[in-house]
Amino acid sequence: MLSSQTVIIKARKIVNLQRIFYDMANILNIETSTDVCSVALSSDGMVLEHHEDYEGRNHATVLNVFLDDIMKYVTSREIKLDAVAVSIGPGSYTGLRIGLSEAKGLCFGYGVPLIGVNTLKLMSVTALFSRYNDDDTLYVPMIDARRMEVYTAVYNNALEEVLAPQAMVLDETSFSQFADKKLLFLGNGSGKWKELKQMPGAHYLCDLKPEAVNMVALSELAFRKGEFLDVAYSTPLYLKEFQATTPKNKVF
């Protein structure tokens, strides 16, 4: 009869063998869809290294610094990069282009696949990790798109689309089809909706921001399923056409 110590040792050996033969995914996650710029390196669903900047839309400068730091970490520890994941929108046109461009460059350089993560679904995942995770809640992420317009969608607890991602101009009738549901409004666009109309049973997380550290569950799932984007031809999910604006204060 084996002693308890022998059983424990054998169990540990089995676990170690499983980890050797289990294809651990090392994924670099990039998020630049809003005013937050962030990156996170994950391995088998765990975050190894991450960087965030909340100071505004200076992604072009900050992202390069973050990526240099991450790749130094990868090189120093001889980590094999398996994929690059990027938040593909909707969100800031400039931010999305910068993030996708850098992600594509890394994929070409390291010969790894590209994963696209929907920003609205990412925000809903973040809320799922919070205290609002009961089966009856519908998640309504909102990204500010200026004036009374937002990028939004509705997801259930299984992250299934109840309302497809879209650009929506808010008015009194918005979301009326969900009036009898428990709704959680998320993100920097939800504040304007809260001011416009109070819905019974609604909750708000107006300060929730999409971040790379919260992309890991979605990027890991996409990797396991082999759901990759075309590195050459993939484009951001804009949801509406770009409209150039003239700055109010011109600098000559």
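Residues numbered from 1 in each chain as written. Predicted model: local features only at pLDDT ≥ 70, side-chain atom pairs only at ≥ 80, totals over all residues. Heavy atoms only, no water.

### Observations regarding the layout of surface pockets
By volume, the second largest pocket amounts to about 220 Å³. Contributing to the lining of the second largest pocket are Ile 88, Ile 115, Gly 116, Val 117, Asn 118, Lys 121, Leu 218, Leu 221, Ala 222, Lys 225, Glu 227 and Leu 237. For the lining of the second largest pocket, the elements supplying multiple residues, two or more each, are strand E5 (114-118) and helix H6 (216-225). Residues belonging to the lining of the second largest pocket are distributed by class as follows: seven nonpolar, two polar and three charged. (1 Å grid on protein atoms, 1.4 Å probe; cavity = no way out; pocket = protein on both sides within 12 Å on 5 of 7 lines; lining within 4 Å. Points joined across faces, edges and corners; volume = space filled by probe spheres on them. Helix = DSSP H or I, 4+ residues; strand = E, 2+ residues; numbered from the N terminus. Nonpolar A, V, L, I, M, F, W, Y, C, P; charged D, E, K, R; others polar.)

### What about the confidence of the model for the protein chain?
Chain-level statistics for the protein chain give a pLDDT mean of 87 and a share of 86% at 70 or above. A low-confidence stretch, residues 1-22 (pLDDT under 50), is modelled with six contacts involving residues beyond four sequence positions or located in other chains. Every residue in residues 244-252 is under pLDDT 50, and counting partners more than four places away or in other chains gives one contact. (pLDDT = per-residue confidence, 0-100. Contact = heavy atoms within 4.5 Å.)

### Considerations on the environment of Ile 88
By the secondary structure assignment, Ile 88 is in strand E4 (residues 83-89). Considered as a pair, Ile 88 and Gly 99 are 11 residues apart in the sequence and their alpha carbons are 8.1 Å apart. Ile 88 has contacts with Leu 96, Gly 116, Val 117, Asn 118, Thr 119, Leu 229, Pro 236 and Leu 237, leaving out every residue within four places of it along the chain.

### Observations concerning the environment of Tyr 139
Turning to its location among the elements, Tyr 139 is positioned in strand E6 (residues 137-144). In sequence terms Tyr 139 and Ala 127 are 12 residues apart; their C-alpha atoms lie 7.8 Å from each other.

### Digging into empty space enclosed by the protein
One pass over the full model with this rule turns up one cavity of 30 Å³ or more. Reported here for the largest cavity is a volume of approximately 40 Å³. Forming the walls of the largest cavity are Thr 34, Asp 35, Met 123, Ile 143, Gly 187, Asn 188, Leu 208, Lys 209 and Pro 210. Within the lining of the largest cavity, the residues separate by chemical class into four nonpolar, three polar and two charged.

### Thoughts on the packing of helix H2 (residues 59-76) against helix H3 (residues 93-110)
The geometry of H2 relative to H3 is characterised by a closest axis approach of 10 Å and an angle of 30° between their N-to-C directions. In terms of their interaxial angle, H2 and H3 are classed as roughly parallel. For H2 against H3, the interelement crossing comes out right-handed. Contacts between H2 and H3 pair His 59, Ala 60, Leu 63, Asn 64, Leu 67 and Met 71 from the former with Gly 95, Ile 98, Gly 99, Glu 102, Leu 106 and Tyr 110 from the latter. A per-class count over the contact of H2 with H3 returns seven nonpolar, four polar and one charged. (Axes fitted to C-alpha atoms, helices over the stretch in contact; angles between N-to-C directions. Parallel < 35°, antiparallel > 145°, perpendicular 65-115°, else oblique. Left-handed = near helix turned anticlockwise from the far one by under 90°.)

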